[in-house]
Protein chains: 2
Amino acid sequence: MRGLPSGGPPHLYDLVKAYPARDSKGLRAALCIASCRAFGGSTAQALNSAVALELFHNGFLVHDDLQDGSLFRRGESTLHTRYGNAIAVNVGNATHLQALRTLMDNGEILGPRTTWLVMEEAERMLRHTLEGQAIELGWIFDNACELRDRDYLQMCLKKTCWYSFIHPMRVGAIVATGARLDSERLCRFGWYLGAAFQIQDDLLNLEGHFQAYGKEIDGDLVEGKRTLMLIHLLQKCSRREKAQLRTMLGAASARRSATNVARLRRLLKKYDSLDYARRCGRQLAGAAFVEGLAALRDVPDGADKAFILGTVAFVVGRDR
Amino acid sequence: MRGLPSGGPPHLYDLVKAYPARDSKGLRAALCIASCRAFGGSTAQALNSAVALELFHNGFLVHDDLQDGSLFRRGESTLHTRYGNAIAVNVGNATHLQALRTLMDNGEILGPRTTWLVMEEAERMLRHTLEGQAIELGWIFDNACELRDRDYLQMCLKKTCWYSFIHPMRVGAIVATGARLDSERLCRFGWYLGAAFQIQDDLLNLEGHFQAYGKEIDGDLVEGKRTLMLIHLLQKCSRREKAQLRTMLGAASARRSATNVARLRRLLKKYDSLDYARRCGRQLAGAAFVEGLAALRDVPDGADKAFILGTVAFVVGRDR
């Protein structure tokens, strides 16, 4: 719980700690530290940035859960269902502020120049993430039904890949070398990897077990999220089915009944949309591995490089 | 609309511009620029910080309106009622990110050291504001009914005074002089001034005219906000009335019916709670003026000093 403030008024820092205290993967922090070490740096150099990453992530989760109307996170009820939307918005903001504070504290170990480079990277990451979130929320708001796979991948790049994969590795390399990183291959590695990760997440939302996954199953369907499988279904179904889908998806999520969710599931099965998404995820993971090998060609073999490349197998094999 | 991004996905930067495009006072930006000039700086030195202040303020408003369930802002419907909670959270976040970006762009005109000082001030301001917001939301969540005037003033210091008055003046002085400001009197001036401002805001919420005020009248009563007048009423009313009030205020805001709001209003009138708050506001304004004169004693007379001191008369006289 390093880097988390204490004291202050009730229902603030105690709740900032709530999500981080639940069992989680810590994937982004681990990637950042492994990347720093792989590029010749030490754990200590990456520590603040890794902590900040997990804080940004947890702040996003608090806001996301409210935005998606999710009921469960990491096996327990979401913050906004327990404390209401007002407190959840504030706690998400306080979590992000704590992330910023942690990055500002980098000065002592990294010096002002590298500290500033990491701040610039964080600002860029936040911009990508908010834009990705806007794209996804906009599709639901506008009831977009004419999307293509490349739209999904573009959204994914911004919403998921940048902050969960590209940014952690870039920051790891920056704090290790003190230089801005210009590795297009590392970005591409993170993009493919993140897309495979997101598709697996969307699959778990439909097929996972609550015990491991920790979120309610079918949440994406209730919310009308434009997942790769839904986009596939909208492309493949008959004109009549598409008209029905448009009406169902256009309804406010509260009115998206169990009957509608069951109908959506039947159609996804009829058109093998889950299998399609699974295949895409595996292809992306394969492409990620090739890009990863190339991006890390000059990095000496060792535990950190192995960990980074090992995330490829992890993201498609995971059940949580 | 300087400093506002364009392009990007729909329902993001277009909505970041929505509140700033509505008619507003621009009070915080004006105070920051006046303070910079009063302390010997130029408008150009304060411009980015002033823009950032208005952006932070507008980001808070977007989130506040959602948190308070408000219907109107600056005479038009609030963002979350038009676009839903999900998009409003994202737009508030993007507005804050844009504020941060604007502060990070200070480097060119202020140099790295002063830029960093202003970032530190902003981080501090955000912390006070989020803590103040947590205090106020916590009182509603916990149905606090045993509050004292000093609790209100403490909450006000953090929720309102710091970001609307103390921070703008401190930052103005910092960008002008390049030095961290240690003026306890300036802080006290901003505190008294901000408290008078907030009390006037709470009065306008009960007695104002929608046309000028731009927000729905009685919104605070519906929301159960612990205003100075409500705290006064809870201290003065009979034991039986207090028990009734506790039940009424404990009800979820949707259940706080028009009948209950009318009963609250009757009790506020019975115990002269509005007049009490009005008197407190005037006393605070008087104290602010005394502190302001002392804090700005070494500042040469002129338009900027006059503007800063003139805010005292403005905050208690305003109808919007």
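All of these numbers come straight from a predicted model, not from anything done at the bench. (Residues numbered from 1 in each chain as written. Chains lettered and ligands numbered in written order. Predicted model: local features only at pLDDT ≥ 70, side-chain atom pairs only at ≥ 80, totals over all residues.)

### What about the overall build of chain A?
Assigned secondary structure in chain A consists of 15 helices and two strands. Taken over the C-alpha trace, chain A has a radius of gyration of 20 Å; the compact-globule value for 320 residues is 20 Å, and the two agree within 12%. Buried positions account for 52% of the 320 residues belonging to chain A. For chain A, contacts bridging at least 24 residues in sequence account for 77% of all contacts bridging at least 6. (Helix = DSSP H or I, 4+ residues; strand = E, 2+ residues; numbered from the N terminus. Rg over C-alpha atoms; globule rule 2.2 N^0.38 Å. Buried ≥ 20, exposed ≤ 12 C-beta atoms within 10 Å, placed from the backbone. Contact = placed C-beta atoms within 7 Å.)

### Structural notes on the relation of the copies chain B and chain A
For the pair chain B and chain A, the relating rotation is 180 degrees, the translation along its axis is 0.0 Å, and the fit reaches an RMSD of 0.0 Å. Classification of the inter-copy transformation places it as that of a two-fold axis. Taking C-alpha positions as the reference, the residue of chain B nearest the rotation axis is B:Val89, at 3.7 Å. Of the interface residues in chain B, 100% have counterparts in chain A that sit at the interface too, so the contact is made through matching surfaces. (Least-squares fit on C-alpha atoms with pLDDT ≥ 70 in both.)

### Considering the interface of chain B and chain A
Listed per partner, the contact involves 34 residues of chain B and 34 residues of chain A. Taken together, the elements giving at least two residues each to the side of chain B that touches chain A come down to helix H4 (43-68), helix H5 (79-104) and helix H6 (107-141) of chain B. Among the residues making up the side of chain B that touches chain A, the classes are represented as 20 nonpolar, 10 polar and four charged. (Nonpolar A, V, L, I, M, F, W, Y, C, P; charged D, E, K, R; others polar.)

### Quick notes on the environment of A:Leu47
As for its placement among the helices and strands, A:Leu47 is situated in helix H4 (residues 43-68). The sequence separation of A:Leu47 and A:Lys215 amounts to 168 residues, and the corresponding C-alpha distance is 29 Å.

### What to know about the confidence of the model for chain A
Residues with a pLDDT of 70 or more make up 98% of chain A, whose mean pLDDT is 94. Taken together, the chains of this predicted complex give a pTM of 0.97 and an interface ipTM of 0.96. (pLDDT = per-residue confidence, 0-100.)

### Brief notes about the packing of H4(A) against helix H7 (residues 149-177) of chain A
Helix-helix packing is described using two parameters, namely the angle between the two axes and the distance between the axes. All names here are of chain A. It is the contact of H4 with H7, at a shortest axis distance of 9 Å, that shows an interaxial angle of 160 degrees. With respect to their mutual orientation, H4 and H7 come out roughly antiparallel. Of the two elements, H4 crosses H7, and the hand of that crossing is right-handed. Contact residues: Gln-45, Ala-46, Ser-49, Leu-53 and Phe-56 in H4; Tyr-163, Pro-168, Val-171, Gly-172, Val-175 and Ala-176 in H7. (Axes fitted to C-alpha atoms, helices over the stretch in contact; angles between N-to-C directions. Parallel < 35°, antiparallel > 145°, perpendicular 65-115°, else oblique. Left-handed = near helix turned anticlockwise from the far one by under 90°.)

### A few points about unusual backbone geometry
Notably, A:His11 is not glycine yet its phi reads approximately 65 degrees, a positive angle. For A:His11, the position within the fold is in the segment before helix H1 (13-16). On the basis of neighbour count, A:His11 is assigned to the buried category, with 20 C-beta atoms found within 10 Å. Positive phi, normally seen in glycine, also occurs at B:Asp218, with a value near 75 degrees.

### Some details on helix H13 (residues 258-270) of chain A
Residues and elements named next belong to chain A. The terminal C-alpha atoms of H13, which comprises 13 residues, lie 18 Å apart, in line with the 18 Å expected from a rise of 1.5 Å per residue. Among all positions in H13, only Leu-264, Leu-267 and Leu-268 are buried. Down the axis of H13, the sector holding all buried residues measures 100 degrees, keeping them to one side. Those residues of H13 that are exposed and aimed more than 90 degrees away from the buried face are Ala-258, Thr-259, Ala-262, Arg-266, Lys-269 and Lys-270. Against helix H10 (219-223), helix H11 (228-236), helix H12 (239-250) and helix H14 (273-295) lie the buried residues of H13. (Expected span 1.5 Å × (residues − 1). Arc of directions from axis to C-beta.)

### Some remarks on the nonpolar core
Counting 199 residues, the largest nonpolar core has A:Ala196 and B:Ala196 as the members making the most contacts within it. For A:Ala196, the residues in contact, after removing those within four places along its chain, are A:Gly281, A:Leu284, A:Ala285, A:Ala288, A:Val315 and A:Val316. (Core = buried A, V, L, I, M, F, W, Y, C linked by C-beta atoms within 7 Å.)

### Structural notes on the packing of H4(A) against helix H5 (residues 79-104) of chain A
Residue and element names in this part refer to chain A. At a minimum axis distance of 8 Å, the contact between H4 and H5 shows a crossing angle of 155 degrees. The angle between H4 and H5 falls in the class roughly antiparallel. Considering how the two elements wind past one another, H4 and H5 form a crossing that is left-handed. Looking at the contact of H4 with H5 residue by residue, the class counts come to 12 nonpolar, 12 polar and one charged.

### So, the environment of A:Glu123
Assignment of secondary structure puts A:Glu123 in helix H6 (residues 107-141). The exposure class assigned to A:Glu123 is partly exposed, which follows from the 16 C-beta atoms found within 10 Å. The residues touching A:Glu123, leaving out its near neighbours within four places in the chain, are B:Leu100, B:Arg101 and B:Met104.

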